[in-house]
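# Analysis of the macromolecular model
In case you want the letters, here they are:
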Amino acid sequence: MPGTLYICATPIGNLDDITYRVVNTLKEVDLIAAEDTRHSMKLMTHFDIHTPLTSYHEHNKVEKAARLVSRMLEGVDVAIITDAGTPAISDPGEELVRQAVKAGITVTSLPGACACITALTMSALSSRRFAFEAFLPSDKKERRDVLVELVTETRTIIIYEAPHHLRTTLSELYETLGNRTITICRELTKRHEECIYTCMEEAVSMYENIPPRGEYVLVIKGADRQALADEKRKGYMKMTIDEHMDMYMEKGIDRKEAMKLVARDRGVPKREIYNSLID
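No experiment lies behind these values; they were computed from the predicted model shown.

### Side note on the overall build of the protein chain
- Looking only at helices and strands, the protein chain has 12 helices and 10 strands in total.
- Scaling as 2.2 N^0.38, a compact globule of 279 residues should have a C-alpha radius of gyration of about 19 Å, whereas the protein chain reaches 25 Å, well beyond that.
- For the C-alpha atoms alone, the extent of the protein chain along its principal axes is close to 85 × 55 × 30 Å.
- Scored against the burial criterion, the 279 residues of the protein chain give a buried share of 43%.
- Sequence separation of at least 24 residues holds for 68% of the intrachain contacts in the protein chain that already meet a minimum separation of 6.
- In the structure as shown, the protein chain presents an accessible area of about 15700 Å², 49% of it carried by carbon and sulfur atoms.
- Across the protein chain, the 37 positively charged side chains and the 43 negatively charged ones have centroids separated by 3 Å.

What follows is the structure, given as structure tokens:
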């Protein structure tokens with residue numbers, strides 16, 4: 001009978017945040033796949049866990065996942081942990097999960113600490129809908145494309161950042177998104193935890209004089225839906241009604257439906273579009 005893959009969340013700072021279930025599972029499985037075995041040994045020692053560790057990280061994730069899946073097919077139970085937080089969230093663990101599911105192995109997740117959720121709940125921003133971006137891409141073109149996409153993102157935005165990139169990232173966000181409300185969370189659950197409620201302009205200015213330290217989670221207010229709609233409507237109003245109608249009819253939309261769409265775009269009753277076309 002195949003083994004099971006256990007996705008085990010570990011603390012993001014404070015060791016007391018680990019769950020009893022995770023500790024017990026790590027003691028009971030046959031093997032633990034860890035992002036950094038040296039780092040994870042501190043956790044193992046603290047909780048008196050003696051299960052064998054094997055290295056599983058970004059640079060060996062594909063081939064190592066295949067080997068771990070083979071072991072699980074033989075009946076071995078495997079737990080996966082990351083250096084901090086929940087595996088498979090902006091983490092190589094997603095590759096192991098993908099391969100395990102494809103092989104028909106049972107996968108279960110043991111919830112626990114997660115930096116993005118921790119920051120979101122402290123941000124004082126809307127938590128009903130949010131977009132998790134993790135670390136922005138390092139490739140310049142891809143990074144620029146993502147930033148441009150975020151301009152019209154109405155959900156609360158969550159971004160991870162390392163201290164040595166923080167100033168650059170804040171400047172790019174301010175330049176692209178404007179002076180949005182932002183909550184800057186640092187060293188979550190640790191002794192020097194800090195949560196700064198500010199705006200983009202002030203954040204950029206603040207870190208010109210303060211050297212960034214620790215790991216950061218940036219929680220940014222989403223774009224205003226009404227403002228986006230008003231901006232879009234302004235663009236449509238630069239067109240004549242005939243041009244606006246042609247835009248839809250060239251796509252194969254019939255005249256009656258095109259009138260509805262033009263009225264919607266311009267924020268006016270359909271009758272007004274009809275009368276204008278008659279005139």
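### Thoughts on the pairing of strand 4 (residues 78-81)
- Taking every second residue as pointing to the same face, both faces of strand 4 are buried, with Val78 and Ile80 on one and Ala79 and Ile81 on the other.
- By the bridge criterion, four bridges tie strand 2 (residues 31-34) to strand 4 in an arrangement that is parallel. Looking at the pairing, Ala34 lines up with Ile81 of strand 4.

### Side note on the side chain of His244
- Tracing the backbone shows His244 in helix 10 (residues 241-249).
- Of the residues examined, His244 reaches a relative accessible area of 0% and is grouped as buried.
- Apart from residues no more than four positions distant in its own chain, His244 is found in contact with Tyr236, Met239, Val262, Asp265 and Arg266.

### Some thoughts on the pairing of strand 2
- The alternating pattern of strand 2 places Leu31 and Ala33 on one face and Ile32 and Ala34 on the opposite face, and all of these are buried.
- Taken together, the three bridges between strand 2 and strand 3 (residues 53-55) define a ladder with parallel strand orientation. Its bridge partner being in strand 3, Ile32 is matched across the sheet by Leu53.

### What to know about the nonpolar core
- Grouped together as the largest cluster of nonpolar side chains are 20 residues, with contacts concentrated most on Ile159, Leu170, Leu173, Ile182, Ile184, Leu218 and Ile220.
- Listing elements by their share of this core, those giving two or more residues are helix 6 (140-150), strand 7 (156-161), helix 7 (166-177), strand 8 (181-186), helix 8 (200-209) and strand 10 (216-220).
- Setting aside chain neighbours within four positions, we find Leu173 in contact with Leu147, Ile159, Gly178, Met200, Leu218 and Ile220.
- Counting 16 residues, the second-largest nonpolar core is a separate cluster that includes Leu5, Ala33, Ala65 and Val97.

### Observations concerning the pattern of salt bridges
- Throughout the structure, instances matching the rule amount to 10 salt bridges.
- Residues Glu172 and Arg143 are paired through a salt bridge, measuring 2.6 Å at the closest nitrogen-oxygen approach. Of this pair, Glu172 sits in helix 7 while Arg143 is found in helix 6, placing the two residues 29 residues apart along the sequence.
- In this structure Glu172 comes out as partly exposed when scored by relative accessible area, which is 25%.
- According to the relative accessible area criterion, Arg143 is buried, its value standing at 13%.
- Several salt bridges converge on common partners, so that one network encompasses Glu94, Glu95 and Arg98.

### With respect to the sheet that holds strand 6 (residues 130-135)
- Taken in spatial order, the five strands make up an open sheet running 6-7-10-8-9, and their pairing is mixed. Every other strand in the sheet has two partners, leaving strand 6 and strand 9 (194-199) as the edge strands with one partner each. Averaged over all neighbouring strand pairs, the angle between strand axes comes to 15°, with direction disregarded.
- When strand 7 meets strand 10, the two strands line up antiparallel, connected through five bridges. Residue pairing for strand 10: Glu161 is matched across the bridge by Tyr216.

Reading guide: rules and limits
- Residues numbered from 1 in each chain as written.
- Predicted model: local features only at pLDDT ≥ 70, side-chain atom pairs only at ≥ 80, totals over all residues.
- Heavy atoms only, no water.
- Helix = DSSP H or I, 4+ residues; strand = E, 2+ residues; numbered from the N terminus.
- Rg over C-alpha atoms; globule rule 2.2 N^0.38 Å.
- Buried < 20%, exposed > 50% of the residue type's maximum accessible area, 1.4 Å probe, protein only.
- Contact = heavy atoms within 4.5 Å.
- Areas by Shrake-Rupley, 256 points an atom, 1.4 Å probe, with all protein chains shown as cover.
- Lys, Arg positive; Asp, Glu negative; His and termini not counted.
- Charge placed at Lys NZ, Arg CZ, Asp CG, Glu CD.
- Pairing = 2+ DSSP bridges.
- Core = buried A, V, L, I, M, F, W, Y, C linked by side-chain atoms within 4.5 Å.
- Salt bridge = Lys/Arg side-chain N within 4 Å of Asp/Glu carboxyl O.
- Axes fitted to C-alpha atoms, helices over the stretch in contact; angles between N-to-C directions.

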